[in-house]
Amino acid sequence: MSTPLDLQGRHIVLGLSGGIACYKAAELTRELVKAGATVQVVMTEAATQFITPVTMQALSNRPVALSQWDAREPNNMAHINLSREADAILIAPASADFIARLVQGRADELLSLLCLARPIDRCPLLVAPAMNREMWAHPATQRNVAQLRADGATVLGPGAGDQACGEIGDGRMLEAEELRDELIAFFRPKLLAGRTLLVTAGPTFEAIDPVRGITNHSSGKMGFAIARAAAEAGADVTLVAGPVHLPTPRHVRRIDVQSAQQMFDAVLPLAARHQLFVATAAVADWRPMNAADQKIKKDGSGRVPVLQMTENPDILASVARLPEDRRPWCVGFAAESENLVRHARDKLRRKGVPLVVGNIGPATFGQDHNTLVLVDEAGETTLPEGPKLHLARELVREIARRSSPKTT
Ligand code: CTP
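Residues numbered from 1 in each chain as written. Predicted model: local features only at pLDDT ≥ 70, side-chain atom pairs only at ≥ 80, totals over all residues. Heavy atoms only, no water.

> Would you mind showing me how to read the site of the ligand here?
Neighbouring the ligand are 15 residues; Ala279, Ala281, Phe333, Lys347 and Lys351 lie closest to it. Taking alanine 279, its main chain carries an N or O atom lying 2.5 Å from an oxygen atom of the ligand. A distance of 3.0 Å separates a nitrogen atom of the ligand from a polar backbone atom of isoleucine 315. Burial of the ligand by the surrounding chains reaches 79%, relative to a free accessible area of 570 Å². Sorting elements by how many residues they give to the shell around the ligand places strand E16 (residues 329–336) first, with 4 residues. Of the residues in the shell around the ligand, the class split is 9 nonpolar, 1 polar and 5 charged. (Near = heavy atom within 4 Å. Polar contact = N/O pair within 3.5 Å; in protein donor to acceptor, adjacent residues only side chain to side chain. Areas by Shrake-Rupley, 256 points an atom, 1.4 Å probe, with all protein chains shown as cover. Helix = DSSP H or I, 4+ residues; strand = E, 2+ residues; numbered from the N terminus. Nonpolar A, V, L, I, M, F, W, Y, C, P; charged D, E, K, R; others polar.)

The structure is reproduced here in structure tokens:
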């Protein structure tokens, strides 16, 4: 779900220290370049044992910096030039040894030298550890990582899972796409820092029998994009998702449900613990009154089963009716096939929420692009067509501006 050019205009110094995860740095370079960044690779001598500077030069389209003694720099101060140009320095992979060197302020090779020489208040340092799980868990490494954070660095990961050594545990470097998204998020303004946001997404599935059910075309993309945009903006995000096959955005807590009733049961207790609630889910209005325990069979008579339907609870309206001290600031969505603004305004009143976001449902379901109309008491604002992630970021900006922070 990445949007191209999210790193347009950013100059990233990508530092590689020695580790098997250097192979992921090749893919990471491609991802950063594809997202619009210029990437200057700097490698320690140990890193060159794992991947060649030739590969990294070809992928970054720039000669790799390898030594503080490289006389090709006109002023012979590669460490100063590199760190002054950078919008951020990302060390990926960061070995246990390299982290120890950063913590000690070593400066006897180019990469640690330029980290030490960087203007600390305007050139952020991000570090993606990569090592064996025992090395990661060792008190020396944990002490060093804590000190690194205290010194202002941002530590990305590590992840858990299979390791090159054959063991399983914490210490894997995050994947290239995860690191790219971490970097994109790092640069986003923290408009929702310290706030909590709950979002529903996707369709619901209302069972008829164990193999059939009623659902709809909602892909969940808009809700997942809002969850991601809110997390990028610094919010603590919980996502309650109907049946969709979308990856969970990073740092988002996800709860999977199937039916409208399950979504209602998950959301209501959570809503009172969140400051903001965005209901993007396309919740089924009705469900079969009694789902059959066994598959309903055709009996050959030509008669079709008649489904008795009952109405589902309205999740958004129920949240909006919570007592004021437990009620989050609510945003509804209106997926319509016609008269968008009129229907959206009608929902604003009917559901008692301060903001309804309208879109033309059939045109947007499953698509990556969308157009949104924001309807509130004051009037309408149109967010022009764009990728759902861009619109989600705009919407997060609007939500941050309109909702006043409150403590829960
Ligand atoms: N919604 C909800 N629970 C429901 C139905 C809808 O939380 N049982 C929320 C949706 O997530 C959305 C908003 O209410 O934010 C409007 O949903 P929509 O289906 O467009 O509206 P309905 O109330 O179902 O109205 P109608 O079907 O008449 O358009």
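> Looking at this structure, how should I read the layout of surface pockets?
Over the atoms rolls a probe the size of a water molecule, and in doing so it shows where empty space is left. Size it by volume and the second largest pocket reaches roughly 590 Å³. Forming the walls of the second largest pocket are 22 residues, and the residues nearest its centre are Asp181, Glu182, Pro249, Arg250 and His251. Only helix H8 (176–187) and helix H9 (221–232) provide two or more residues apiece to the lining of the second largest pocket. A total of 7 residues in the lining of the second largest pocket trace back to one element, the largest contributor, which is H8. Each residue belonging to the lining of the second largest pocket can be placed in one class, and the counts come to 8 nonpolar, 5 polar and 9 charged. Counting the residues that make up the lining of the second largest pocket, at least three belong to each of domain 1 (11–187) and domain 2 (196–403). (1 Å grid on protein atoms, 1.4 Å probe; cavity = no way out; pocket = protein on both sides within 12 Å on 5 of 7 lines; lining within 4 Å. Points joined across faces, edges and corners; volume = space filled by probe spheres on them. Domains from an automatic or database assignment.)

> Please clarify how empty space enclosed by the protein should be interpreted in this entry.
Scanning all chains against the criterion turns up 1 cavity of 30 Å³ or more. Put simply, the largest cavity is a space of about 70 Å³. Forming the boundary of the largest cavity are Arg188, Pro189, Leu191, Ala229, Glu232, Ala233, Arg393, Val396 and Arg397. Every element with two or more residues in the lining of the largest cavity is listed here: H9 and helix H14 (388–402). Examining the composition of the lining of the largest cavity, we find that 3 residues originate from one element, H14, more than from any other. Residues that form the lining of the largest cavity fall into these classes: 5 nonpolar, no polar and 4 charged.

> Just to check I follow, could you spell out the packing of H9 against H14 for this structure?
Helix packing geometry: the angle between the two helix axes and the distance between the axes. The interhelical angle for the contact between H9 and H14, taken along N-to-C directions, is 55°, at an axis separation of 8 Å. Looking at the two axes, H9 sits oblique to H14. Note on packing geometry: the crossing formed by H9 with H14 is right-handed. Where H9 approaches H14, its residues Lys221, Met222, Ala225, Ile226, Arg228, Ala229, Ala230 and Glu232 are matched on the opposing element by Lys388, Leu389, Leu391, Ala392, Arg393, Leu395 and Val396. Partitioned by chemical class, the residues of the contact of H9 with H14 number 10 nonpolar, no polar and 5 charged. (Axes fitted to C-alpha atoms, helices over the stretch in contact; angles between N-to-C directions. Parallel < 35°, antiparallel > 145°, perpendicular 65-115°, else oblique. Left-handed = near helix turned anticlockwise from the far one by under 90°. Contact = heavy atoms within 4.5 Å.)

> Just to check I follow, could you spell out the pattern of salt bridges for this structure?
A side chain with one charge may pair with a side chain of the opposite charge, provided their charged atoms come close. Inspection of the entire model under this criterion finds 29 salt bridges. Among the ionic pairs, lysine 34 bridges to glutamate 31, the shortest N-O distance being 3.6 Å. Taken as a pair, lysine 34 and glutamate 31 lie in helix H1 (residues 22–34) at a separation of 3 residues, close to a single helical turn. Arginine 250 is paired through a salt bridge with glutamate 178; the nearest N and O atoms lie 3.4 Å apart. Taken together, the residues arginine 250 in the loop between strand E11 (236–241) and strand E12 (252–256) and glutamate 178 in helix H8 connect sequence positions 72 residues apart. (Salt bridge = Lys/Arg side-chain N within 4 Å of Asp/Glu carboxyl O.)

> Looking at this structure, I do not really get the sheet that holds strand E13 (residues 276–279). What am I missing?
Within a sheet, each strand pairs with its neighbour through backbone hydrogen bonds, oriented either parallel or antiparallel. Strand order across the open sheet formed by 8 strands is E12-E11-E8-E13-E16-E17-E18-E19, with mixed pairing between neighbours. The two strands at the open ends of the sheet, each matched to only one other strand, are E12 and strand E19 (379–387). Recorded for the sheet is a direction-independent mean angle of 20° between the axes of neighbouring strands. (Pairing = 2+ DSSP bridges.)

> I'm lost on H14 in this one. Help?
An α-helical turn contains 3.6 residues, so a residue and the one three or four places further along point in the same direction. Between its first and last C-alpha atoms H14 spans 21 Å; for 15 residues at 1.5 Å apiece the expected length is 21 Å, and the two agree. Within H14 the residues assigned to the buried category are Lys388, Leu389, Leu391, Ala392, Arg393, Leu395, Val396, Glu398, Ile399 and Ala400. (Expected span 1.5 Å × (residues − 1). Buried < 20%, exposed > 50% of the residue type's maximum accessible area, 1.4 Å probe, protein only.)

Functional significance is not addressed by these values, which are geometric in nature.
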